[in-house]
Amino acid sequence: MAGKKKKNFLITILMLVFLIIIGVGFLGRIKNVKVVGCEYYTQEEIEKQIMDSEITKNTFGLYYTYATGKGKELPFVDSISVEVKGINKVIIYVKEKSAVGCIKYMGEYIYFDQDGVVVESTTKKQKAIPLIEGINFKKMNLNEQLEVEKEEKDIFERITGISQLISKYDIESDKIVFDNKKKVMLYTGKIRVNLGKRNDYEEQIAELSKLLPKAKKKKLKGVLDMEYFEEGQDQIIFKVDE
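Since the model is a prediction, treat every value here as computed from it, not as a measurement.

**Quick notes on helix H5 (residues 202-217)**
Point 1. In this model, H5 (16 residues) spans 23 Å end to end at C-alpha, consistent with the 22 Å of a helix rising 1.5 Å per residue.
Point 2. The sharpest bend along H5 reaches about 35° and sits at Ser 209, with the proline Pro 213 one to four residues further on.
Point 3. All of the buried residues along H5 are Gln 204, Ile 205, Ala 206, Glu 207, Leu 208, Leu 212 and Ala 215.
Point 4. Buried positions along H5 lie against helix H4 (155-168), strand S11 (184-188), strand S12 (191-196) and strand S13 (222-225).

Right under this line is the structure:
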């Protein structure tokens, strides 16, 4: 008789535990999410990627998963942390890897930072990061600097400068091409912009941000020659493609 009571007591305890788990799971369902620190991903993409199971759709489950280092690793993301702001509310902090450009190699996009260190390799092209052509590298390994010729060591500094400027002035860039003399041609839609070779491109790109909307409104296609542009210049040559 005592054994039967003990068995019933254990069953009752297990049922209570089960109901508590179900209750916490239901009550802790995430309804309000804020994502901080994203540039390459949208908030919706982060949510879809990391809240992909019943556990990670729960406030406490998501927090536990990332607090214990068991969370999913994402391209371009260095770390993710979760702050619980309420039973149904979380803030997701994303620390992204800082890529300034990418090259295409053997069907993949190789992303590198301002020092030329390879930070990621994927088959997906990130819209916010310009494709770079004209870099002659001898060696490429993840988390190591792209090995280039000694005379080309400053190319990463130039790429970083241009990349930061096109972001600052909100210019969409399809790709940046360096010719054999390391002069720069910036591709944006159907317009190619000859920027030439110089240490600082701010004057050109600041002016370009004013010219591009007008050129695209007119549906122009061709080359905008800004190689020798100087601030205050009132005429810039545009060579229309035939």
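**Thoughts on the environment of Leu 208**
Point 1. Positionally, Leu 208 belongs in helix H5.
Point 2. The class for Leu 208 is buried, based on a relative accessible area of 0%.
Point 3. In this structure, the C-alpha to C-alpha distance between Leu 208 and Met 226, residues 18 residues apart in sequence, is 8.7 Å.
Point 4. Sequence-distant contacts of Leu 208, defined by excluding residues within four places in its chain, comprise Ile 171, Leu 186, Val 193, Pro 213, Leu 224 and Met 226.

**Here we look at the sheet that holds strand S2 (residues 77-86)**
Point 1. The strand order across the open sheet formed by 3 strands is S1-S3-S2, and the pairing between neighbours is mixed. Single-partner strands in this sheet number two, and they are strand S1 (32-36) and S2. Pairwise comparison of adjacent strand axes, ignoring direction, gives a mean angle of 20° for this sheet.
Point 2. The pairing of S1 with strand S3 (residues 89-96) spans 5 bridges and is classified as parallel. What sits directly across from Lys 34, in S3, is Ile 91.
Point 3. Helix H2 (residues 43-50) contacts S1, S2 and S3 of the sheet and is inclined by roughly 110° relative to S1.
Point 4. Its contacts with the sheet place helix H3 (residues 59-67) against S2 and S3, and it is angled at close to 145° to S2.

**Let's talk about the packing of aromatic side chains**
Point 1. Considering all chains together, one arrives at 4 aromatic pairs under this definition.
Point 2. When the ring of Phe 76 is compared with that of Tyr 111, the centres are 4.5 Å apart and the planes differ by 90°; the resulting orientation is edge-to-face. Highlighted residues: Phe 76 in the loop between H3 and S2 and Tyr 111 in strand S5 (residues 108-112), separated in sequence by 35 residues.
Point 3. Ring centres of Tyr 105 and Phe 137 lie 5.5 Å apart, and the angle between their planes is 75°; this geometry places the pair in the edge-to-face category. In this pair, Tyr 105 is assigned in strand S4 (residues 101-105) and Phe 137 in strand S8 (residues 137-139), connecting sequence segments 32 residues apart.
Point 4. Phe 137 gets classed as partly exposed once you look at its relative accessible area, which sits at 24%.
Point 5. Grouping aromatic residues by their ring pairs yields a cluster made of Tyr 40, Phe 76 and Tyr 111.
Point 6. The lysine or arginine in question, Lys 175, covers the ring of Tyr 187, its NZ or CZ lying 4.7 Å from the ring centre.

Reading the values: the criteria
- The residue numbers shown here count from 1 along each chain, following its written sequence.
- Only residues with pLDDT of 70 or above have their local features reported here, since the model is predicted, and side-chain atom pairs are shown and tallied only from 80 upward, although totals for entire chains, interfaces and linings are computed over all residues.
- Excluded from the side-chain calculation are hydrogens and water; included are all heavy atoms of the structure.
- Each helix corresponds to a stretch of at least 4 residues labelled H or I by DSSP, and each strand to a stretch of at least 2 residues labelled E; elements are numbered beginning at the N terminus.
- The span one expects for a helix is its residue count, reduced by one, times 1.5 Å.
- Bend, in this description, refers to the angle at a residue between axes fitted to the seven residues ending there and the seven starting there.
- A 1.4 Å probe rolled over the protein chains alone gives each residue an accessible area, and that area as a share of the maximum for its type sets the label: buried under 20%, exposed over 50%, partly exposed in between.
- The contact definition used throughout considers only heavy atoms, calling two residues in contact when any of these lie within 4.5 Å.
- Between any two strands, at least two bridges found by DSSP are needed for them to pair.
- An axis is simply a line fitted to the C-alpha atoms; with a helix, the fit covers only the stretch in contact. Between two such axes, the angle follows the N-to-C directions and lies from 0 to 180 degrees.
- Aromatic pairs are defined between Phe, Tyr and Trp rings, using the six-membered ring for Trp, whenever the two ring centres lie within 6.5 Å; interplanar angles under 30 degrees are classed as stacked, those over 60 as edge-to-face, and all others as tilted.
- Note on criteria: charge over ring means Lys NZ or Arg CZ within 6 Å of the ring centre, with the direction from the centre no more than 35 degrees off the ring normal.

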